[in-house]
Amino acid sequence: MAPSEEECRGIYHAVKENNIILAIGHVLRYTPYSQKLKEVIDSGAIGDIVNIQHLEPVGFFHHAHSYVRGNWRNEKESSFMLLAKSCHDIDWILWITGKKIARSSSFGSLRHFKSEEKPEGAGDRCLDCSVEEDCPYSAKKIYLDTVKMGVTGWPNKVITEDPTPSSVLEALENGPYGRCVYNCDNDVVDNQVVNFQFVDGSTASFTMVAFSENICVRKTTIFGTKGELVGDGNRNITVFDFLTQTSKRYSPDSFPQTSMQNHGGGDYYLMADFICAVASNDQSFLKSTPEETLESHLAVFRAEESRITNQVINTSW
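The shown structure was predicted, so the numbers you read here are calculated from the model rather than taken from an experiment. (Residues numbered from 1 in each chain as written. Predicted model: local features only at pLDDT ≥ 70, side-chain atom pairs only at ≥ 80, totals over all residues. Heavy atoms only, no water.)

### A closer look at the pairing of strand β7 (residues 237-241)
Where a strand is regular, its side chains alternate between the two sheet faces.
Moving on, step 1. Two strands pair when backbone bridges link them, and strand β6 (residues 227-231) and β7 are joined in this way by five bridges, in the antiparallel orientation. The residue of β7 that forms the bridge with glutamate 228 is phenylalanine 240.
Moving on, step 2. In this structure, β7 lies alongside strand β8 (residues 246-250), joined through five bridges in antiparallel fashion. Its bridge partner being in β8, isoleucine 237 is matched across the sheet by tyrosine 250. (Pairing = 2+ DSSP bridges. Helix = DSSP H or I, 4+ residues; strand = E, 2+ residues; numbered from the N terminus.)

### Regarding the packing of helix α6 (residues 139-148) against helix α8 (residues 165-174)
Geometrically, a packed helix pair is captured by the angle between its two axes and the distance between the axes.
Moving on, step 1. Relative orientation of the contacting elements α6 and α8 amounts to 165°, with a least axis distance of 9 Å. Here α6 lies roughly antiparallel to α8, going by the angle between them. In this structure, α6 crosses over α8, and the sense of that crossing is right-handed. Residues Ala139, Lys140, Tyr143, Leu144, Val147 and Lys148 of α6 touch α8, and the partners they reach there are Pro165, Val168, Leu169 and Leu172.
Moving on, step 2. Residue composition of the contact of α6 with α8, grouped by class: eight nonpolar, no polar and two charged. (Axes fitted to C-alpha atoms, helices over the stretch in contact; angles between N-to-C directions. Parallel < 35°, antiparallel > 145°, perpendicular 65-115°, else oblique. Left-handed = near helix turned anticlockwise from the far one by under 90°. Contact = heavy atoms within 4.5 Å. Nonpolar A, V, L, I, M, F, W, Y, C, P; charged D, E, K, R; others polar.)

### Some thoughts on the nonpolar core
Moving on, step 1. Grouped together as the largest cluster of nonpolar side chains are 44 residues, with contacts concentrated most on Leu37, Ile41, Ile96, Phe196, Ile222 and Leu229.
Moving on, step 2. Among the elements that take part in this core, helix α5 (residues 87-97) stands out by supplying seven residues, more than any other.
Moving on, step 3. Contact partners of isoleucine 222, with chain neighbours within four places excluded, come to Leu37, Ile41, Ile46, Ile49, Asn51, Ile52, Ile96, Gly227, Glu228 and Leu229. (Core = buried A, V, L, I, M, F, W, Y, C linked by side-chain atoms within 4.5 Å. Buried < 20%, exposed > 50% of the residue type's maximum accessible area, 1.4 Å probe, protein only.)

### Topic: the pattern of salt bridges
Moving on, step 1. In the structure shown here, the tally under the stated rule is 23 salt bridges.
Moving on, step 2. The residue glutamate 56 makes a salt bridge to arginine 218 at a minimum N-O spacing of 2.9 Å. Here glutamate 56, found in strand β1 (residues 49-57), pairs with arginine 218, found in the loop between β4 (203-209) and β5 (219-224); they are 162 residues apart in sequence, far enough to count as distant. Exposure class is identical for glutamate 56 and arginine 218. Each is buried.
Moving on, step 3. The shortest N-O distance in the salt bridge between arginine 111 and glutamate 117 comes to 3.3 Å. (Salt bridge = Lys/Arg side-chain N within 4 Å of Asp/Glu carboxyl O.)

This is the structure we're talking about:
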C-alpha cells in the first residue's frame with residue numbers, strides 16, 4: 001500500500017473521500033488454495049479458531065538474491081522485511097480468522113548475512129573468492145551455473161535483460177548481484193516471529209525465515225475447537241475431526257488455464273477481479289475492502305514497532 005503508516009492512512013482517506021476503487025496486490029487471498037481453505041474454515045469444519053501457526057519459508061537463495069543483494073535489502077531504500085515480504089501473510093492471517101487484533105509482539109534479527117559471519121579467506125565478490133565452492137549463497141552458483149543450464153527467467157532476468165553466460169558474467173563482475181553476501185549494505189532481518197492475541201483471546205504466530213529449501217510455499221496449521229487443519233500452501237488441506245476422529249482432505253477446485261501461474265494462480269485471479277471491479281465500478285468484486293487493507297498494514301507496522309521497541313503493543317486502529 002505504502003511504506004509508512006501516514007501514507008497508508010492518506011491513501012485510505014483519499015479512496016473514501018473520492019469513492020474510488022482500491023485494489024492491493026495481496027495475492028494470497030486470490031489463490032485457489034486459499035479460497036478453498038477459507039471455504040473450509042467458514043463452513044465450521046474445525047469450529048472456532050483458537051490458534052494459527054503460519055510459516056513463510058523465503059528460501060535460502062531467494063533471500064540472498066532479493067533481500068541481501070537485491071532491491072529489498074535495505075530499509076531506507078525500500079522498507080523493513082515484514083512489510084516488503086510478509087505483509088501478505090499478516091493480511092492472510094487476518095482474512096482467514098476474520099478477527100481483530102488486541103495485542104502484538106515480535107522478535108527478529110539479521111542473524112547471518114553480515115560481516116561478522118564472513119568466512120575466513122572469503123573475497124568481496126564471488127568470482128574472486130577462494131572459498132566460493134563451499135558457499136551455498138555463491139553468486140556463481142545462483143546465476144552463472146544456472147544460466148548455463150538454460151535458466152533465463154527469474155532470477156537471472158533480474159540481473160541482466162538478456163541472460164546469457166557472457167551477460168550474466170559481466171553482471172556478476174560489475175553489478176550488485178556479484179557481491180559476497182557477507183559484504184553487502186543489507187540491513188533487513190533474515191528471521192522474524194510475530195505473535196497476535198485477538199480480542200476474543202485466540203492467538204496466532206507467524207514465522208518468516210530465510211534459511212529454507214522451499215521458496216515461499218507457506219505452511220499452516222490451524223487449531224479449532226472441533227478440529228485441526230493442516231495446509232501445505234499449495235494443493236493439500238487436511239482436516240482432522242475431533243468428534244469422529246477421522247481426517248478429510250480438500251483440494252482447490254481449479255487452477256487458471258493460463259501461463260499466468262505465478263503466486264499459485266493468485267496473480268491471474270487478482271487481475272481478473274480487478275478488471276471486473278473497474279468495468280462494473282464495484283469494489284465488491286475484490287477480495288479485500290479498503291478497511292481490511294488498511295487494517296492489515298497497520299498490523300504490520302504495530303508488529304515491527306514491537307520488534308524495535310521490545311514491547312508488547314496494545315493495538316488500536
